[in-house]
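Chain residues, written in single-letter form:
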Amino acid sequence: MANNPSHARIHLLSSTRVVYFTMMFANIAFPISSYQTFTYRISAQFESEITVGQRVLAPLGKRKVTGIIVALSKTSSYQGTVREITDFIDKAPVLDTALWKLLIWMSHYYQAPLGQVAAAAMPSSFSQSYEPPKEFWVRLQKPVLPETLDQLKRKAPVQAAIIESIQNVPDGIPLKQLSSITPQPLTPCRALENKELVTLWRQTRSIFDLADNEILSIPQHITHSDEQVSAIRALSRGLNSKSYHGYLLHGVTGSGKTEVYIEMTRRTLAQGRSALILVPEIALTPQIAGRFRAVFGSKVALWHSGLKPAVRAWTWKKICQGEFQVVIGARSAVLTPIRNPGLIVIDEEHEHTYKQESPAPRYHARDVALIRGRESGAVVLLASATPSLESYYNQIQGKFHYLTLTERVAGARFPRVHVVDMNREQEETGKVGQVLSGALIHAIEDRLKKGEQTILFQNRRGFAPIFRCRDCGHILGCPHCQVALAFHKVGHHLECHVCGYRRKDIPEMCPECSGPNLALQGTGTQKIETLLEESFPGARLARLDFDTSRARGHLTRTLQSFARGDTDILLGTQMIAKGLDFAQATLVGIINADLGLYLPDFRSGERVFQLLYQAAGRSGRGALPGEVIIQTYNPDEPTILHATHLDLKKYYNQLLAERKLLSYPPFSRMARLEMIGKDPARLLPQGQKLHSLLPRMRTVECLGPVECYRHKVRDHFRIQFIFKSSKEKDPRAKSLHGLLNHIQGLLKKEKRHFPGTRFIFDIDPISIL
């Protein structure tokens, strides 16, 4: 059945004539790891309806599997029995020509089977029957006379309160917004309807309300600054040309990049085109989604993994039908079938979450967005206060138009930044392992007295990351990974932050030397939370990290509480370092700026700089002046120094010089080949065997095989190759991709040398850990 009977005809004999039916065949790709397509017969009843890009149900082995048609023909070279397509999921192609070309490009570039790429572009389940639930809305039928309102206040105060809540909202509000007046608002609203004072009706719930973290509308009155107007004019010239243009909007934190997105979206929709807004993770950026909801309302769809499968399928179907003109979503939104895109925005384009690391296809949404923009003739806007080094270099090379927003909006000033040397702090106080410096404690006290807010950042969850024996130095590790177990005070357990393994029984004796001298080392958010509760017992404290945000809606409720001023101190990991805008937050404290700085990855310094710069940018975004306190054990380290001075250009130029010397991106293209197996003794010899089979190339540098930084993960061992191709010698990466294609062929031809080993190809990896 895999590629295929030549020109086939069925002839029916009768007493008078012979009738010939020409048979059609379809090549179908399935979401499996094989690059092979499979040929199926199309029954006569479907011939007039079928086209490339439709999803079908077809037998594969003993199962019926959803696949996508990639080619049609009237002939087949397959000599076996050709099976028939079972059914059609789509009555028309769901992918337009430009999007189909994009998926084919992704398959070739990211070394992934087309079936897997197509599966990433479509919902896993496709419910035809789902419709979003409806809810009651209420509005006034007519203006209520003062004497009528006075009478209600005397006889039915709840009904009067409802009238006062809706009298200035002509379009009405959802009934649930009246729950602060009464837990059952439908009953008094029915009574008001009987009095012909209000109108009740049922309306389909907004897609924003169906997300796991509810997104509230955030209306704002905007007056654009001169810099914003200049950026909008430049982007409009590209939009009006109806052809591809790439831009990098380099705007400092608080400079009003979102206002530029909204205005350009408004202009895009006015041309009858659609807009795609990518954010690092929709659950972490409720404010930008809320801003778009306030302006564009029902034209906006949300797309992210937090949606239930049925909601996701319904949303995808409505996008196909053109009912949503604006799609806001995480990385997979770049593959949604939005009609005629004219604007694609990648907000915080430097974020690593735009890279899909597992499973295949391992694509980068930023780069895919650029290709989609080129195929669709759209404006593609990359935006960040701390652009990725690749994007920064590309604008230097003239590949992007460079736009800047150098000032904060509404007269907000940049925060004052102070660095605390924790080595000196410990010497002066005599407190070894001190977590909160005196300067930070005093600054928090000052904000509490003034009624202002504090954000504290520590990019490590749990209570303590290490459980160590002080006698022999043994560290309690995960039995499934080469990772230390972290202690969690909440739930009182040890946990692996890689595979999720938990151990409830906390040992009292060292398993290595049987000594009783065990100690917790290091600091996580739970430990800081405990210290803050002890130091500031009257403060209203909230913690946001992966552990707390698992509960549905907790993240949004916590941020809304902070926005209302109901929380004094917000403590969290990297999820609070981006996308947040709170005018009353005047202090940002970075507990340990050194975390992640010395990981064996060429991007570690860049990541730490971006995280510190972004975290510092949460302070002083309103009329009140802001302050940032950075605690570090390495105050003279260049990354810390440049982040402290918010000196991006100087630091990036230093990084570019280092990357050029070592031929790392952006001066080269990189690919990573990971080998995974259960037997560590034969994994490295297998890697060496593969290395011996590789051709020697002048334009591609091969590093490895070597053990990965995390050698053991989930009971499997890992080694890797790194391939680097100089852009100067191999400008279109033909040699690099040629080598990768050659390796794919080698692995099929020589598979006897690699029993029990799995191979993962990662093009443009964001991490080599």
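Scroll up for the structure.
This section reports on the structure supplied with the text. The model shown is predicted, which means the values in this text are computed figures rather than measured ones.

Each value, and the rule that gives it
Residues numbered from 1 in each chain as written. Predicted model: local features only at pLDDT ≥ 70, side-chain atom pairs only at ≥ 80, totals over all residues. Heavy atoms only, no water. Helix = DSSP H or I, 4+ residues; strand = E, 2+ residues; numbered from the N terminus. Rg over C-alpha atoms; globule rule 2.2 N^0.38 Å. Buried < 20%, exposed > 50% of the residue type's maximum accessible area, 1.4 Å probe, protein only. Lys, Arg positive; Asp, Glu negative; His and termini not counted. Charge placed at Lys NZ, Arg CZ, Asp CG, Glu CD. 1 Å grid on protein atoms, 1.4 Å probe; cavity = no way out; pocket = protein on both sides within 12 Å on 5 of 7 lines; lining within 4 Å. Points joined across faces, edges and corners; volume = space filled by probe spheres on them. Nonpolar A, V, L, I, M, F, W, Y, C, P; charged D, E, K, R; others polar. Contact = heavy atoms within 4.5 Å. Pairing = 2+ DSSP bridges. Phe/Tyr/Trp six-rings, centres within 6.5 Å; stacked < 30°, edge-to-face > 60°. Salt bridge = Lys/Arg side-chain N within 4 Å of Asp/Glu carboxyl O. Disulfide = S-S within 2.5 Å. Polar contact = N/O pair within 3.5 Å; in protein donor to acceptor, adjacent residues only side chain to side chain. Axes fitted to C-alpha atoms, helices over the stretch in contact; angles between N-to-C directions. Core = buried A, V, L, I, M, F, W, Y, C linked by side-chain atoms within 4.5 Å.

For the rest of this paragraph, the subject is the overall build of the protein. Check the secondary structure of the protein and you find 20 helices and 32 strands. A compact globule built from 769 residues should have a C-alpha radius of gyration of about 27 Å, and the protein, at 30 Å, falls within 12% of that. Expressed as lengths along the three principal axes of its C-alpha atoms, the size of the protein is roughly 100 × 80 × 55 Å. When the 769 residues of the protein are sorted by exposure, 54% land in the buried category. Averaging the positions of the 97 positive and the 70 negative side-chain charges in the protein gives two centres separated by 8 Å.

Time to look at empty space enclosed by the protein. Here the largest cavity is characterised by a volume of approximately 60 Å³. For the largest cavity, the full set of lining residues is Phe 457, Asn 459, Ile 590, Asn 592, Ala 593, Leu 595, Val 608, Leu 611 and Leu 612. For the lining of the largest cavity, the leading source of residues is helix H16 (residues 604–616), giving three residues. Here the residues of the lining of the largest cavity sort into seven nonpolar, two polar and no charged. For the second largest cavity, the full set of lining residues is Val 252, Thr 253, Arg 408, Phe 414, Pro 415, Tyr 613, Ala 616, Gly 617 and Leu 646.

Turning to helix H11 (residues 389–396), a few remarks are in order. In terms of burial, H11 is a largely internal element, seven of the eight residues being buried. The set of residues buried in H11 consists of Leu 389, Glu 390, Ser 391, Tyr 392, Tyr 393, Asn 394 and Gln 395. Where H11 is buried, its residues meet strand S11 (245–251), helix H10 (365–376), strand S16 (379–384), strand S17 (401–405), H16 and helix H18 (648–662). Just past H11, the residue Gly 398 takes up positive phi, approximately 85°.

Here we come to the side chain of Ser 561. Considering the arrangement of structural elements, one finds Ser 561 in helix H15 (residues 554–564). Once you skip the residues sitting within four places of it in the chain, Ser 561 turns out to touch Asp 566 and Thr 567.

With that settled, consider the sheet that holds strand S6 (residues 63–73). Taking strand neighbours across the sheet as the criterion, the five strands line up as S4-S3-S6-S5-S7 in an open arrangement whose pairing is antiparallel. Of all the strands in the sheet, just strand S4 (38–42) and strand S7 (87–88) have a single pairing partner and so form its edges. Bridge analysis of strand S3 (residues 24–29) against S4 gives five bridges, and the strand direction is antiparallel. Opposite Phe 25, over in S4, you have Arg 41 as the bridge partner.

With that out of the way, let us pick up the packing of aromatic side chains. Tallying each qualifying case throughout the model produces 19 aromatic pairs. Note on Trp 314 and Phe 324: the rings are 6.2 Å apart at their centroids and 75° apart in plane angle, and the pair reads as edge-to-face. A residue pair is termed long-range when its members are at least 10 positions apart, and Trp 314 in helix H9 (residues 309–320) and Phe 324 in the loop between H9 and strand S14 (326–329) qualify at ten residues. For Trp 314, a relative accessible area of 9% gives the class buried. An aromatic cluster of at least three residues, connected via ring pairs, comprises Tyr 392, Phe 609, Tyr 613, Tyr 651 and Tyr 652.

Our focus in this paragraph is unusual backbone geometry. Cis geometry marks the peptide bond from Ser 358 to Pro 359; its omega dihedral reads -5°. Take Pro 359: it is sitting in the loop between strand S15 (341–347) and H10. The amide bond that connects Gly 704 to the next residue, Pro 705, takes the cis arrangement and shows omega of 10°. Position of Pro 705 relative to the elements: it lies in strand S30 (residues 700–713). Look at Gln 111: it is not a glycine, yet its phi comes out positive at around 55°. Tracing the backbone through its elements, the reader meets Gln 111 in the loop between helix H1 (97–109) and helix H2 (114–120). With a relative accessible area of 8%, Gln 111 lands in the buried category. A positive phi angle, near 55°, is found at Arg 714, a position not held by glycine. Position of Arg 714 among the secondary structure elements: in the loop between S30 and strand S31 (716–726).

The next point concerns the pattern of salt bridges. Following the criterion strictly, the structure yields 29 salt bridges and no others. As a salt-bridge pair, Asp 762 and Lys 355 come within 3.0 Å of each other at their nearest N and O atoms. Of the two residues, Asp 762 sits in strand S32 (residues 758–763) while Lys 355 sits in the loop between S15 and H10, which places them 407 residues apart along the sequence. Comparing Asp 762 with Lys 355, the two get one shared label, buried. The partner of Glu 529 in a salt bridge is Arg 543, with the nearest N and O atoms 2.9 Å apart.

Moving on to the state of the cysteines. The final tally for this structure, using the stated rule, is zero disulfides. Of the cysteine sulfurs around Cys 510, a residue in no disulfide, the closest is that of Cys 472, at 3.7 Å. Cys 510 gets classed as buried once you look at its relative accessible area, which sits at 2%. Cys 702 forms no disulfide, and the closest cysteine sulfur to it belongs to Cys 708, at a distance of 14 Å.

With respect to the helices and strands, the residue Gln 610 is situated in helix H16. Of the residues examined, Gln 610 reaches a relative accessible area of 6% and is grouped as buried. A polar side-chain atom of Gln 610 sits 3.3 Å from a polar atom in the side chain of Tyr 652. Each residue touching Gln 610, except ones within four places of it in the same chain, is listed here: His 350, Thr 386, Pro 387, Ser 388 and Tyr 652.

Right, let's talk about the sheet that holds S17 for a bit. One open sheet holds the seven strands; their spatial order is S13-S14-S12-S15-S16-S11-S17, and the pairing between them is parallel. Each edge of the open sheet is held by one strand with a lone partner, namely strand S13 (300–303) and S17. Sheet twist, expressed as the mean angle between neighbouring strand axes with direction ignored, is 20°. The sheet contact formed by S13 and S14 spans four bridges and is parallel.

Here we take up the nonpolar core. Counting residues in each nonpolar core, the largest one holds 66 residues, and the members touching the most others are Leu 103, Met 106, Leu 278, Leu 335 and Phe 723. Among all residues touching Leu 278, those that are not within four sequence positions of it are Gly 329, Ala 330, Ala 333, Val 334, Val 345, Ile 346, Asp 347, Tyr 354, Ala 365 and Ala 369. Listed in part, the 39 residues of the second largest apolar core include Phe 609, Val 628, Ile 630 and Leu 648.

The values are spatial; any link to function lies outside them.
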